[in-house]
Amino acid sequence: MRPDDLLRPTPEGLYCPVGDFHIDPSRPVPRALITHGHADHARAGHGAVWATPETLEIMAIRYGAGFAREMRSEARGEIGGVRVSFHPAGHVLGSAQISVEAGGLRIVAAGDYKRAIDPTCAAFEPVPCDVFITEATFGLPVFRHPDPMAEIGRLLASLRDYPERAHLVGVYALGKAQRLIALLRAAGWERPVFIHGALRKLCDYYASRGIDLGPLEDATAEKGAAAGYAGEVVLAPPSAFGATWARRFPDPLFAFASGWMQVRARARQRGAELGLVISDHCDWAGLTETIREIDPGEVWITHGREEALLRWCEIEGRAARPLHLVGYEDEPE
């Protein structure tokens, strides 16, 4: 069996003709296997969805209980003669790589993944395979993500230097918010972290799965005068920065947590006074070291900076191809 006979790119996304299913399809399909709960990978309206239990529950939180007609959460099983299994991806809670195997051939679709230690989700598990499908969000040699604890140290230093200012940190609702809180706790921040209402359901869900985020309080007007937030950490989705909601805080210092904060133009675009380079994706070293570790017969590259990673594979003597899939964001919410 050739790899394209087992898995191939289509306008809807990766498609397995043998098992008649899609992986992370960009539009509703009869049967979808989902790597994780970010909106550009997990969409509502599919006939049947197979994902990890956490991803199914996150999809229900975001889209409602009826987001699909059927749901399946086994770690492994079979569809139309194709053996399917889910393996931790280290991206966000419930994220998984999806392995499909038939005719003596195994392809692993990694979805989004990272190799950095993260107490809020299971660590990436290298899976031997014939074809490894990797993202390339930060697939340029310039991307070298610093130690996230050092970035948290920069935030804490700013809090010490500007105790009169509320520190508003832009974070994506799923994964980034909870990871940043966990990093703050690991760095010794014991005070309540204030959160925008859009973050509450997912933070509560993480806590229900045994992930200790410490005391969280809603950032509401009921807290009192604006000065009541001086010296506090307030987390919010990026969209809240341009809303009237942000005006309640005392001389707010706007920060943003993302791997893209390494790019100054992106930081300026976000209006970030403090850019925290904290990413839930691999940097260049993480991508290339992962490929070397897994050592697949072929590498397929998707959503990101495909050309540079493709060239690296060629220099390494590795068979590789870009998939040119569309509909996946650089760093989804």
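Residues numbered from 1 in each chain as written. Predicted model: local features only at pLDDT ≥ 70, side-chain atom pairs only at ≥ 80, totals over all residues. Heavy atoms only, no water.

K.L.:
For this particular structure, what's the right way to read the overall build of the protein?
P.N.:
Across its full length, the protein holds eight helices and 19 strands. For 333 residues, the compact-globule estimate of 2.2 N^0.38 gives 20 Å, and the C-alpha radius of gyration of the protein, at 20 Å, lies within 12% of that figure. Projected onto its principal axes, the C-alpha positions of the protein cover 65 × 45 × 30 Å. Counting the 333 residues in the protein, one finds 56% classified as buried. Partitioning the intrachain contacts of the protein with sequence separation of at least 6 by distance along the chain shows that 61% fall at a separation of at least 24. Total accessible area on the protein is roughly 13400 Å²; 50% of this is exposed by carbon and sulfur atoms. Counting 36 positive and 44 negative side-chain charges, the protein places the averaged centre of each group 3 Å from the other. (Helix = DSSP H or I, 4+ residues; strand = E, 2+ residues; numbered from the N terminus. Rg over C-alpha atoms; globule rule 2.2 N^0.38 Å. Buried < 20%, exposed > 50% of the residue type's maximum accessible area, 1.4 Å probe, protein only. Contact = heavy atoms within 4.5 Å. Areas by Shrake-Rupley, 256 points an atom, 1.4 Å probe, with all protein chains shown as cover. Lys, Arg positive; Asp, Glu negative; His and termini not counted. Charge placed at Lys NZ, Arg CZ, Asp CG, Glu CD.)

K.L.:
How do you make sense of the sheet that holds strand E10 (residues 105-109) when you look at a structure like this?
P.N.:
Each strand in a sheet pairs with its neighbour through backbone hydrogen bonds, running either in the same direction (parallel) or in the opposite one (antiparallel). In spatial order, the strands read E7-E8-E9-E10-E11-E18-E19; together these seven strands make up an open sheet with mixed pairing. For this open sheet the edge positions go to strand E7 (76-79) and strand E19 (319-322), each flanked by a neighbour on one side alone. Here the average twist between neighbouring strands, direction ignored, is 20 degrees. Where strand E8 (residues 82-88) lies against strand E9 (residues 96-102), six bridges are found, and the strand directions are antiparallel. Across the sheet, the residue bridging to Phe 86 is Ile 98, located in E9. (Pairing = 2+ DSSP bridges. Axes fitted to C-alpha atoms, helices over the stretch in contact; angles between N-to-C directions.)

K.L.:
In this structure, what is going on with the packing of aromatic side chains? I would like to understand it.
P.N.:
One pair of aromatic rings is described through two measures. These are the centre distance and the angle between the planes. Scanning the model with the defined rule gives 11 aromatic pairs in all. Measuring from ring centre to ring centre gives 4.9 Å for Phe 138 and Phe 143, while their planes differ by 70 degrees; the resulting arrangement is edge-to-face. The residues Phe 138 and Phe 143 share a single accessibility class, namely buried. Ring geometry for Phe 143 and Trp 260: centres 5.4 Å apart, planes at 90 degrees, overall edge-to-face. In this pair, Phe 143 is assigned in the loop between strand E11 (131-136) and helix H3 (148-161) and Trp 260 in the loop between strand E16 (253-257) and helix H6 (264-270), connecting sequence segments 117 residues apart. Clustering of aromatic rings is evident, with ring pairs tying together Phe 194, Tyr 229, Trp 245 and Phe 249. Just above the ring of Trp 50 sits the side chain of Arg 72; from NZ or CZ to the centre is 3.8 Å. We note Arg 165 situated over the ring of Tyr 162; from NZ or CZ to the ring centre the distance is 5.7 Å. (Phe/Tyr/Trp six-rings, centres within 6.5 Å; stacked < 30°, edge-to-face > 60°. Lys NZ or Arg CZ within 6 Å of the ring centre and 35° of its normal.)

K.L.:
What is the right way to look at unusual backbone geometry in this model?
P.N.:
Glycine aside, residues mostly have negative phi angles, and peptide bonds mostly take the trans form. The phi dihedral of Asp 24 falls on the positive side, at around 50 degrees, and the residue is not glycine. With respect to the helices and strands, Asp 24 occurs in the loop between strand E3 (21-23) and strand E4 (31-33). Backbone geometry places His 303, a non-glycine residue, at a positive phi of 30 degrees.

K.L.:
Which parts of the structure should I look at to understand the sheet that holds strand E6 (residues 70-72)?
P.N.:
Within the open sheet, the six strands sit side by side as E1-E2-E3-E4-E5-E6. Their pairing is mixed. Of all the strands in the sheet, the pair left with one neighbour each is strand E1 (8-10) and E6. Taken pair by pair, the neighbouring strands of this sheet meet at an average axis angle of 30 degrees, ignoring direction. Pairing analysis gives two bridges linking E3 to E4, with the strands arranged parallel. Among the inter-strand pairings, Ile 23 is bridged to a residue of E4, identified as Leu 33.

K.L.:
Teacher, can you tell me more about the pattern of salt bridges here?
P.N.:
For the coordinates displayed, the defined rule picks out 23 salt bridges. Two residues, Arg 2 and Asp 5, come together in a salt bridge whose shortest N-O distance is 3.2 Å. By relative accessible area, which is 24% here, Asp 5 ends up partly exposed. Salt bridges sharing partners connect three or more residues here, namely Lys 114, Asp 118, Arg 179 and Asp 280. (Salt bridge = Lys/Arg side-chain N within 4 Å of Asp/Glu carboxyl O.)

K.L.:
Mind showing me how you'd approach the side chain of Arg 318 here?
P.N.:
The residue Arg 318 is located in the loop between helix H8 (306-316) and E19 in this model. Classification of Arg 318 by relative accessible area gives buried; the value is 17%. At 2.9 Å, the side chain of Arg 318 and the side chain of Asp 295 are in polar contact. Beyond its immediate chain neighbours, meaning those up to four positions away, Arg 318 contacts Ile 291, Arg 292, Asp 295, Pro 296, Trp 312 and Cys 313. (Polar contact = N/O pair within 3.5 Å; in protein donor to acceptor, adjacent residues only side chain to side chain.)

K.L.:
Would you take a moment to explain the nonpolar core for this structure?
P.N.:
The nonpolar side chains of a soluble globular protein tend to be buried with one another. Ranked by size, the top nonpolar core spans 35 residues in total, and within it Val 169, Leu 180, Leu 184, Val 193 and Leu 235 carry the most contacts. Secondary-structure elements contributing two or more residues to this core are H3, helix H4 (176-186), strand E13 (193-195), helix H5 (197-208), strand E15 (233-236), E16 and strand E17 (274-276). In this structure Leu 235 touches Val 169, Val 171, Ala 177, Leu 180, Ile 181, Val 193, Phe 194, Ile 195, His 196 and Leu 199, once residues within four positions along its chain are discounted. Residues Leu 6, Leu 7, Val 82 and Trp 300 belong to the second largest nonpolar core, which totals 24 residues. (Core = buried A, V, L, I, M, F, W, Y, C linked by side-chain atoms within 4.5 Å.)

K.L.:
So what exactly am I meant to see when it comes to the environment of Tyr 113 here?
P.N.:
Mapped onto the elements of the fold, Tyr 113 is located in the loop between E10 and E11. Accessibility expressed as a relative area gives 0% for Tyr 113, which makes it buried. Taking the C-alpha atoms as reference points, Tyr 113 and Ser 95, separated by 18 residues in sequence, lie 8.0 Å from one another. Apart from residues lying up to four places away in sequence, Tyr 113 is in contact with Ala 89, His 91, Phe 124, Phe 132, Thr 134, Glu 135, Asp 280, His 281, Cys 282, Leu 287 and Thr 290. Of note is the side chain of Tyr 113, whose polar atom sits 2.7 Å from the side chain of Thr 134.

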